[in-house]
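The residues making up each chain are set out below.
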Amino acid sequence: MRLLIKNGRVIHPVTGAILLQDVLAENGRISLLERGIACEADQVIDASRLAVAPGLVDMHVHLRDPGLTYKEDILTGCAAAARGGVTSMACMANTSPAVDCPEQVAYVLERAGQANGVEVYPIAALSKGLRGEEPTDAEALRRAGAVALSDDGCNVDNANLMRDVLIRARQLEMPVLCHCEDTSMVAGRAVNEGSVSRQLWLEGRPAIAEEIMVMRDAMLAEETGARVHICHVSTARSVEIIRRMKKKGVPITCETCPQYFTLTEDEVLTQGALARVNPPLRTQKDVQGIIAGLRDGTIDVIATDHAPHSAEEKARSLSRAPSGMIGLETSLAVTLTQLYHTKKMDLPGILQRMSTNPADLLRLARGHMSLGAVADLVIFDPDEEWTVDPEQFASKARNTPFAGWKLKGRVKYTIVKGRVIYQAGA
């Protein structure tokens, strides 16, 4: 199979260059990157006025499969990913049952093999049943195909357990992805502790609950030498903690999500449960801190934390509805709108955080624009405006706070191993 992409603005996240080039993909890999390629091809795409980049690698999604497939399943999640330009994603273990044994890892990989070609990489549970009491068999999970360990959705309150897991993970060269919120400070609380929680007469989730655990896990990374990755950073002080630890040489990385550099806690006042997420939306000061962390490289990754729920669940009162919002189909457009079109970040910097860095952190052979690299690509129009309509989503879920938003930047093609798996309007 030979695919030729002509006349595109090719984004090179590693070098920071944007070059007018053609891209030739043969047998699933990039074989030529130069101007004026003239050869026969099975398919030719004219990418004039479009950006051509490595496909997005979303290292934090919830596919709800097995057991919670009324919210989402692996097939619909892959369809949603393709529409958003995501060619690879890593899925969290908080399913029912949890992905805490090799058999469950095998199930995820088998189901993913029936999907549209988007690569799915299982993240296995750190503790059995996500209970934070007994470690899983990390070596067996790695052999089965797990790329990392995480109890995401649950904080690991037991520091001794976390330390033991990190020691083992270092031996296995597996990253550990940490959900950082002290359970005793946030259990049952729906929104950020601050002006909005006071207006609603609700107990809030204080920023310090996140920051305490970020510091703990950073210190454990320093002590054990394990690769610790902090999930969904939401506060300016968390960014500062991670910045300081990185300067000390601690092997720590982190991610944030589009909602944390776009929305504030005030969104809860108008959108209710649609704006409920863990950790919660914070203040404008925190939004500014997150953007600063993205700009200076403290924050390595932009992920979605795609968390589907049913309409009935999200229609409950704010205090009873589950936390989470979907993001696979809007993440690139929200990021372009909020960071690129406001001149806060350039396209190579954005793609580095949405493709190259997450692939490198999980040690996946993806996310690069170079000769011989796997031809996972996204072609998008950075300037096209569109209005978010959740009824048009491929996901089973509709729980997005961005419904009705006008965004700037639209995916035109998603390509996996040199094969087009999504074309806008087709």
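Look above for the structure.
J.: What is the right way to look at the overall build of the protein in this model?
T.: The helix and strand inventory of the protein stands at 13 helices and 18 strands. In terms of C-alpha radius of gyration, the protein reaches 20 Å, essentially the compact-globule figure of 22 Å for 426 residues. Burial analysis of the protein (426 residues in total) assigns 61% to the buried set. Taking the intrachain contacts of the protein between residues at least 6 apart in sequence as the baseline, contacts between residues at least 24 apart amount to 75%. When the accessible surface of the protein is split by element, carbon and sulfur atoms take 48% of a total near 16,000 Å². Here the protein carries 48 positive and 53 negative side-chain charges, and the mean point of each set is 3 Å from the other.

J.: Looking at this model, I keep getting lost on the state of the cysteines. Mind explaining?
T.: Cysteine pairs can be linked by a disulfide, which is a covalent bond between their two sulfur atoms. Counted by the stated rule, this structure contains zero disulfides. Left without a disulfide partner, cysteine 180 is nearest to the cysteine sulfur of cysteine 178, which lies 5.3 Å away. Of all cysteine sulfurs in the structure, the one in cysteine 231 sits closest to cysteine 254, which takes part in no disulfide; the separation is 10 Å.

J.: Would you mind showing me how to read the sheet that holds strand β10 (residues 176–178) here?
T.: Either a parallel or an antiparallel arrangement is found when strands of a sheet pair, and the pairing is made through backbone hydrogen bonds. Read from one edge to the other, the open sheet built from eight strands follows the order β6-β7-β8-β9-β10-β13-β14-β15, with strand pairing classed as parallel. For this open sheet the edge positions go to β6 (56–61) and β15 (301–302), each flanked by a neighbour on one side alone. As paired strands, β10 and strand β13 (residues 228–230) are joined by three bridges and run parallel to one another. Looking at β13, one finds that cysteine 178 is bridged to isoleucine 230.

J.: Is there a simple way to explain the packing of helix α7 (residues 207–224) against helix α8 (residues 236–247) in this structure?
T.: The description of two packed helices rests on the angle between their axes and on the distance between the axes. At their nearest, the axes of α7 and α8 sit 9 Å apart, and the two run at 15° to each other. By the criterion of interaxial angle, the relationship of α7 to α8 is roughly parallel. For the pair α7 and α8, the crossing hand works out as right-handed. Of the residues in α8, those in contact with Ile208, Glu210, Glu211, Val214, Met215, Ala218, Met219 and Glu222 of α7 are Arg237, Ser238, Ile241, Ile242, Arg244 and Met245. Grouping the amino acids of the contact of α7 with α8 by side-chain chemistry returns eight nonpolar, one polar and five charged.

J.: Would you take a moment to explain the pairing of strand β16 (residues 377–387) for this structure?
T.: Note on strand geometry: in a regular strand, side chains alternate between the two faces of the sheet. Here four bridges tie strand β5 (residues 51–54) to β16, and the two strands are oriented antiparallel to one another. Across the sheet, the residue bridging to alanine 53 is valine 378, located in β16.

J.: Where do I start with the pattern of salt bridges in this structure?
T.: This model, assessed by the stated rule, comprises 27 salt bridges. Measuring nitrogen to oxygen at the nearest pair gives 2.6 Å for the salt bridge that ties arginine 2 to glutamate 26. Pair noted here: arginine 2 is in strand β1 (residues 2–12) and glutamate 26 is in strand β2 (residues 17–26), with a separation of 24 residues, a long-range link. Linked through salt bridges whose partners overlap, the residues forming this network are Glu119, Arg366, Asp376 and Lys417.

J.: Would you explain the side chain of glutamate 267 in this entry?
T.: Within the element layout of this structure, glutamate 267 appears in helix α9 (residues 267–271). Buried and unpaired, glutamate 267 has lysine 314 as its nearest opposite-charge partner, separated by 13 Å. Not counting residues within four places of it along the chain, the set of residues in contact with glutamate 267 comprises Gly272, Ala275, Leu281 and Pro401.

J.: Got a minute to help me understand the nonpolar core in this structure?
T.: Looking at soluble globular proteins, one finds that nonpolar side chains tend to be buried together. Among the nonpolar cores identified, the biggest contains 79 residues, and Met89, Val176, Ile230 and Phe380 are the most heavily contacted of them. Among the elements that make up this core, the one with the highest residue count is helix α4 (residues 159–172) (six residues). Look past the residues within four positions of valine 176 in its chain and what remains in contact with it is Leu126, Leu149, Met162, Val165, Leu166, Ala169, Arg227, Val228 and His229.

J.: Even after reading the chapter, I still don't get α4, so can you show me in this structure?
T.: Helix length check: α4, at 14 residues, gives a terminal C-alpha distance of 20 Å against a target of 20 Å (1.5 Å per residue), a fit within 8%. Within α4, the full set of buried residues consists of Leu161, Met162, Val165, Leu166, Ala169 and Leu172. Down the axis of α4, the buried set is contained in an arc of 130°. They therefore lie on one face. Pointing more than 90 degrees away from the buried face of α4 are the exposed residues Asn160, Arg170 and Gln171. Those residues of α4 hidden inside the fold are in contact with α3 (138–144), β9 (148–150), β10, α7 and β13. One or two residues past the end of α4 sits glutamate 173, with phi positive at roughly 55°.

Each value, and the rule that gives it
Residues numbered from 1 in each chain as written. Predicted model: local features only at pLDDT ≥ 70, side-chain atom pairs only at ≥ 80, totals over all residues. Heavy atoms only, no water. Helix = DSSP H or I, 4+ residues; strand = E, 2+ residues; numbered from the N terminus. Rg over C-alpha atoms; globule rule 2.2 N^0.38 Å. Buried < 20%, exposed > 50% of the residue type's maximum accessible area, 1.4 Å probe, protein only. Contact = heavy atoms within 4.5 Å. Areas by Shrake-Rupley, 256 points an atom, 1.4 Å probe, with all protein chains shown as cover. Lys, Arg positive; Asp, Glu negative; His and termini not counted. Charge placed at Lys NZ, Arg CZ, Asp CG, Glu CD. Disulfide = S-S within 2.5 Å. Pairing = 2+ DSSP bridges. Axes fitted to C-alpha atoms, helices over the stretch in contact; angles between N-to-C directions. Parallel < 35°, antiparallel > 145°, perpendicular 65-115°, else oblique. Left-handed = near helix turned anticlockwise from the far one by under 90°. Nonpolar A, V, L, I, M, F, W, Y, C, P; charged D, E, K, R; others polar. Salt bridge = Lys/Arg side-chain N within 4 Å of Asp/Glu carboxyl O. Core = buried A, V, L, I, M, F, W, Y, C linked by side-chain atoms within 4.5 Å. Expected span 1.5 Å × (residues − 1). Arc of directions from axis to C-beta.

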